[in-house]
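# Reading the structure
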Amino acid sequence: MTSPGMITTGSAAPIGTLQCVVLDCPDVLELATFYQRLLGGEINRPDPQWAVGDAWATLHDASGAPVLAFQGVADHRPPVWGAPEQQFHIDVRVADLDVADDAVTALGAQRLDSGAGDRAWRIYADPAGHPFCLVRH
């Protein structure tokens, strides 16, 4: 039985589970530190699944969410917000948009769109240019 709006593949078992989300960037520790300050968690926690180093870092959070990983790419080209080739962005839930705005811009995020009126989200780029939104809950 499925819930309304749920799409099934005809198989009861999933093919796999989400292990991590990987962000390409020029400096893995810089970006891992940015996201640690934004989301909390532990950078490069010992884990046999990951070989961390100059070109790979991880961020584990306490909730058990999938790992956020950072892969070093020498010729990294950041996505352009709103461009057709932009593939995805991250949403981060916050209690107060103004307080969170001050905090993320102090960490090095660039505001891309502060929203109009009382919109419940604002759009930013992290230090490597990946888009993310702060969303008021």
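As the structure is a prediction and not an experimental result, all values here were calculated from the model. (Residues numbered from 1 in each chain as written. Predicted model: local features only at pLDDT ≥ 70, side-chain atom pairs only at ≥ 80, totals over all residues. Heavy atoms only, no water.)

## Here's the deal with the overall build of the protein
Rule in force here: Strands here are runs of E lasting at least two residues and helices are runs of H or I lasting at least four, both read from the DSSP assignment and numbered beginning at the N terminus. Contacts are assigned to residue pairs with any non-hydrogen atoms lying within 4.5 Å of each other. Note on areas: Shrake-Rupley, 1.4 Å probe, and residue coverage restricted to the protein chains presented here.
Across its full length, the protein carries 2 helices and 8 strands. Starting at the N terminus and walking to the C terminus, you meet the elements of the protein as β-α-β-β-β-β-α-β-β-β. Sequence-distant contacts in the protein: of pairs separated by 6 or more residues, those separated by 24 or more amount to 55%. Here the protein displays about 8800 Å² of accessible surface, and carbon together with sulfur accounts for 53% of that area.

## Overview of the nonpolar core
To keep things clear, this is the line we draw: For the purposes of this section, nonpolar cores are sets of buried Ala, Val, Leu, Ile, Met, Phe, Trp, Tyr and Cys residues that join through side-chain atoms within 4.5 Å. The cut-offs for exposure are 20% and 50% of the maximum accessible area for each residue type, with area from a 1.4 Å probe on protein chains only; residues under the lower value are buried, those over the upper are exposed, and the others partly exposed.
Grouped together as the largest cluster of nonpolar side chains are 23 residues, with contacts concentrated most on Y35, L38, F70, F132 and L134. Counting residues per element, the ones that place at least two in this core are β1 (20-25), α1 (28-39), β3 (56-60), β4 (67-72), β5 (90-94), α2 (97-107) and β8 (131-136). Sorting elements by how many residues they give to this core places α1 first, with 6 residues.

## Considerations on the sheet that holds β5
This is how the line gets drawn: Should DSSP find at least two bridges between two strands, the strands are taken to pair. Whenever a helix is involved, its axis is fitted only over the stretch in contact; in every case the axis is a line through C-alpha atoms, and angles between N-to-C directions fall within 0 to 180 degrees.
An order of β5-β8-β7-β6 is seen for the 4 strands of this open sheet, with the pairing classed as mixed. Sheet topology places β5 and β6 (110-113) at the edges, where each strand pairs with a single neighbour. Averaged over all neighbouring strand pairs, the angle between strand axes comes to 35 degrees, with direction disregarded. Bridging between β5 and β8 involves 5 bridges; their strand directions are parallel. Across the sheet, R93 pairs through a bridge with V135, a residue of β8. Contacts from α1 reach β5 and β8 within the one sheet, and its direction differs from that of β8 by about 5 degrees.

## Remarks on the side chain of H130
Put simply, the rule is: N or O atoms closer than or at 3.5 Å make up a polar contact, with two conditions inside protein: a donor-capable atom paired with an acceptor-capable one, and, for residues adjacent in sequence, both atoms drawn from side chains.
Locating H130 in the fold gives a position in the loop between β7 (121-125) and β8. Judged by its relative accessible area of 10%, H130 falls in the buried class. A polar side-chain atom of H130 sits 2.7 Å from the main-chain carbonyl oxygen of D24. Excluding anything up to four places from it in sequence, H130 contacts L23, D24, C25, L31, Y35, H76, P79, Y124 and A125.

## Digging into the sheet that holds strand β2 (residues 42-43)
Strand order across the open sheet formed by 4 strands is β1-β4-β3-β2, with mixed pairing between neighbours. Two strands close off the open sheet at either side, each with one partner strand: β1 and β2. Note: β3 against β4, 4 bridges, orientation antiparallel. Pairing of L59 across the sheet is with L68, part of β4. Contacting β1, β2, β3 and β4, α1 runs over the sheet at an angle of about 155 degrees to β4.

## A word on the packing of aromatic side chains
Within a pair of aromatic rings, the relevant descriptors are the distance that separates the centres and the angle that separates the planes. Just so we agree on the cut-off: Aromatic rings from Phe, Tyr and Trp, with only the six-membered ring used for Trp, were paired whenever their centres fell within 6.5 Å, and each pair was classed as stacked if the ring planes differed by under 30 degrees, edge-to-face if by over 60, and tilted otherwise.
For the structure on display, the rule yields 5 aromatic pairs. Where Y124 meets F132, the ring centres are 5.5 Å apart and the plane angle is 20 degrees; that geometry is what we call stacked. Exposure class is identical for Y124 and F132. Each is buried.

## Observations regarding the pattern of salt bridges
Let me state the cut-off plainly: Here, a salt bridge means any Lys or Arg side-chain nitrogen found within 4 Å of an Asp or Glu carboxyl oxygen.
This structure, assessed with the given rule, holds 4 salt bridges. Residues R119 and D113 are paired through a salt bridge, measuring 3.4 Å at the closest nitrogen-oxygen approach. Across the pair D118 and R136 runs a salt bridge, and its minimum N-O distance is 3.6 Å. Linking D118 in the loop between β6 and β7 with R136 in strand β8, this pair joins segments that are 18 residues apart in sequence.

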